[in-house]
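# Residue-level structure breakdown
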Amino acid sequence: MVFSYYKKLYAAQKRIYRRSDSIISVSLPDAETLQQLIPVLTALLIEDDLVQVEDICRKITLGITSRLSIQPLRIKVLAVRPSASWGELHGLYEPANGRASAVITLWMRTAKQRRVVAFKSFLRTLLHELCHHLDYELYRLPDSFHTEGFYKRESSLFHQLMPEAQQSVPAE
Ligand SMILES: [Zn+2]
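About the cut-offs
Residues numbered from 1 in each chain as written. Predicted model: local features only at pLDDT ≥ 70, side-chain atom pairs only at ≥ 80, totals over all residues. Heavy atoms only, no water. Donors = N, O, S within 2.8 Å, 3.2 Å for Na, K, Ca; no water. Helix = DSSP H or I, 4+ residues; strand = E, 2+ residues; numbered from the N terminus. Buried < 20%, exposed > 50% of the residue type's maximum accessible area, 1.4 Å probe, protein only. Pairing = 2+ DSSP bridges. Contact = heavy atoms within 4.5 Å. Axes fitted to C-alpha atoms, helices over the stretch in contact; angles between N-to-C directions. Salt bridge = Lys/Arg side-chain N within 4 Å of Asp/Glu carboxyl O. Core = buried A, V, L, I, M, F, W, Y, C linked by side-chain atoms within 4.5 Å. Phe/Tyr/Trp six-rings, centres within 6.5 Å; stacked < 30°, edge-to-face > 60°.

Once that is clear, we can look at the coordination of the zinc ion. Distances from the zinc ion to its protein donors, namely His128 (NE2), His132 (NE2) and His146 (NE2), fall within the range 2.0 to 2.1 Å. Along the chain, the residues donating to the zinc ion are arranged with the sequence spacing H-x3-H-x13-H. In this pair, His128 and His132 both sit in helix α5 (residues 119-137), four residues apart, roughly one turn of the helix. Of the two residues, His128 and His132, neither departs from the other in class, the shared state being buried.

The subject of this paragraph is the pairing of strand β4 (residues 91-94). Here β4 shows a buried face lined by Gly91 and Tyr93 and an unburied face lined by Leu92 and Glu94. Pairing of β4 with strand β5 (residues 103-109) involves four bridges; the strand directions are antiparallel. For Gly91, the partnering residue across the bridge sits in β5 and is Leu106.

Following the sequence through the fold, Thr105 ends up in strand β5. In contact with Thr105, not counting residues within four places along its chain, are Lys76, Leu78, His90, Gly91, Leu92 and Glu94.

Another aspect to go through is the sheet that holds strand β1 (residues 74-80). As summarised here, the arrangement of the three strands in space is β1-β5-β4, forming an open sheet in which the pairing is mixed. Looking at which strands have only one partner, the edges of the open sheet turn out to be β1 and β4. Pairwise comparison of adjacent strand axes, ignoring direction, gives a mean angle of 20° for this sheet. When β1 meets β5, the two strands line up parallel, connected through six bridges.

We now examine the pattern of salt bridges. If charged atoms from side chains of opposite charge come close, those side chains can pair. Following the criterion strictly, the structure yields eight salt bridges and no others. Across the salt bridge formed by Asp30 and Arg67, the nearest N and O atoms sit 3.5 Å from each other. On the criterion of sequence distance, the pair formed by Asp30 in the loop between α1 (11-22) and α2 (32-35) and Arg67 in helix α4 (residues 50-67) is long-range, its members being 37 residues apart. Judged by relative accessible area, Asp30 falls into the partly exposed class, the value being 41%.

Across soluble globular proteins, you tend to see nonpolar side chains buried next to one another. Leu41, Phe122 and Leu123 are the most contacted members of the largest nonpolar core, which has 47 residues in total. Among the elements of the structure, α1, α3 (37-47), α4, β1, β5, α5 and α6 (148-161) are those that each provide at least two residues to this core. Counting residues per element, this core draws most heavily on α5, at eight residues. In contact with Leu41, not counting residues within four places along its chain, are Val53, Ile56, Cys57, Ile60, Phe119, Phe122 and Leu123.

Taken as a whole and judged by the stated rule, the model has seven aromatic pairs. When the centroid spacing of 5.6 Å and the interplanar angle of 70° are considered together, the rings of Tyr5 and Tyr17 count as edge-to-face. A residue pair is termed long-range when its members are at least 10 positions apart, and Tyr5 in the segment before α1 and Tyr17 in helix α1 qualify at twelve residues. Judged by its relative accessible area of 28%, Tyr5 falls in the partly exposed class. By relative accessible area, Tyr17 is classed as buried at 0%. Ring geometry for Tyr17 and Phe145: centres 6.2 Å apart, planes at 40°, overall tilted. On the criterion of sequence distance, the pair formed by Tyr17 in helix α1 and Phe145 in the loop between α5 and α6 is long-range, its members being 128 residues apart.

Shown next as structure tokens:
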């Protein structure tokens, strides 16, 4: 299945899209040692400790980029999600483009209720933005599209970090 915006892409973009769609998992060597960081992230989110959440997100991210032998990136965790008529921003990936490194920005609180974001959706957002980084740095794609393959890679990382969530999270 391709998403509807595929039809509007140029031929070169369609090629990138199809390549992205064809990669459906990320094999993370030694994922087991990263799994122990996940309960720490859960606890810190409940404690609402922004500085420590940022620090553990950095460790998880560095754990993944170093295991995949790709460029590390910066992580910024901010308080309240920006929002507008289009909705809320959950996370943001900015490629390096001349900067020292690419940057992922995450927000800890929902705009509406100012509640701390649920743990699984926070981790999913981190992995989602990281998958954009993988598109550029690991797969060397000139662009990073949201394809079915992209979402499968996000799920693949999620389940390697949280194998016990296999049953409770529906597969995309
Ligand atoms: Zn995205």
